[in-house]
Every structure is written in structure tokens, then in C-alpha cells.
Amino acid sequence: MTGQENRQPMGPVVTQEELDALLSSLRAESSAGSLQSLATTVSQYDFSRPSSIAPEQARHLRQPCVELARQLAHDLSAYLRHEVQVQFQCLAQS
């Protein structure tokens, strides 16, 4: 006996028709409302001419880069069995 025979359903069982009706109603609601909400939350950004970033944002970008350099130096040293030094140099804007 594996114990699976004694399992009871946790709640009421949903029929396939009820599930299809629920999914179709969700699709109808989401297709009508998602385009309007998407249009209000998305703004265009020109990557060919990026605007400058604030110093606080630069600090937030710098920290993961420093951590990546530290982790890369550690992992590469372990893989090569030789000391490797990796340093983050700068975060510059032009």
C-alpha cells in the first residue's frame, strides 16, 4: 500500500465546463482592459540617445557590478587554481 489510496480531495472538484467558462471570462476581461492599462504604463525610451542617470541610480548600478567582479575573481580563481584579480573600474556616462 503506497498511501495514495487514502488521499481525499482537498475541496470541491471543478468540471471542465466550469473551468472553460472561467478561463473565457478572464480572457474577455483581460483583453479589454489590458490594452488600456498597458498603454498607460509603458513609455518609449530612445536607447540611441540615453538620458543621464542620477547619482543614486549610478550607486545602485555600481554595487551589483562590484559584486559581480568579486564573485568572478573568486570563481575563476577556484576554477583555474591560480589567483585571479578582477576589479570594477568605473561607471561612466558620455
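The structure under discussion appears in the preceding block.
Rules used throughout
Residues numbered from 1 in each chain as written. Predicted model: local features only at pLDDT ≥ 70, side-chain atom pairs only at ≥ 80, totals over all residues. Heavy atoms only, no water. Helix = DSSP H or I, 4+ residues; strand = E, 2+ residues; numbered from the N terminus. Buried < 20%, exposed > 50% of the residue type's maximum accessible area, 1.4 Å probe, protein only. Areas by Shrake-Rupley, 256 points an atom, 1.4 Å probe, with all protein chains shown as cover. Expected span 1.5 Å × (residues − 1). Salt bridge = Lys/Arg side-chain N within 4 Å of Asp/Glu carboxyl O. Patch = residues over 30% accessible without salt bridge, like charges linked within 9 Å, V, L, I, M, F, W, Y side chains within 5 Å.

Draft legend 1. Up close: the overall build of the protein chain. The secondary structure content of the protein chain amounts to two helices and zero strands. Relative to its 94 residues, the protein chain shows a buried fraction of 4%. Carbon and sulfur atoms provide 57% of the accessible area of the protein chain, an area that totals close to 9,200 Å².

Draft legend 2. Representation of helix α2 (residues 55-80) in the model. A rise of 1.5 Å per residue sets the reference length of α2, with its 26 residues, at 38 Å; its end C-alpha atoms lie 37 Å apart and thus fit the reference within 8%. Among the residues of α2, A58, A69, A73 and S77 are the ones counted as buried. A positive phi of about 55° marks R81, the residue just after α2.

Draft legend 3. Local environment of the pattern of salt bridges. Counted under the stated rule, the structure contains one salt bridge. The salt bridge partner of E67 is R70, with a shortest N-O separation of 2.6 Å. Here R70 and E67 lie together in helix α2, a separation of three residues that amounts to about one turn. E67 gets classed as partly exposed once you look at its relative accessible area, which sits at 36%.

Draft legend 4. Local environment of unusual backbone geometry. Its identity as a non-glycine residue notwithstanding, R81 has a phi of 55°, on the positive side. Mapped onto the fold, R81 is located in the segment after α2.

Draft legend 5. A look at a nonpolar patch on the surface. Taken together, the side chains of V14, L19, L22, L23 and L26 define a hydrophobic patch exposed on the protein surface, amounting to about 420 Å² of accessible area. On the basis of relative accessibility, which here comes to 53%, the residue V14 falls in the exposed class.

Draft legend 6. Molecular detail of the environment of Q87. Structurally, the position occupied by Q87 is in the segment after α2. For Q87 and V66, which are 21 residues apart along the polypeptide, the C-alpha to C-alpha distance reads 7.3 Å.

Structural measurements only, silent on function.
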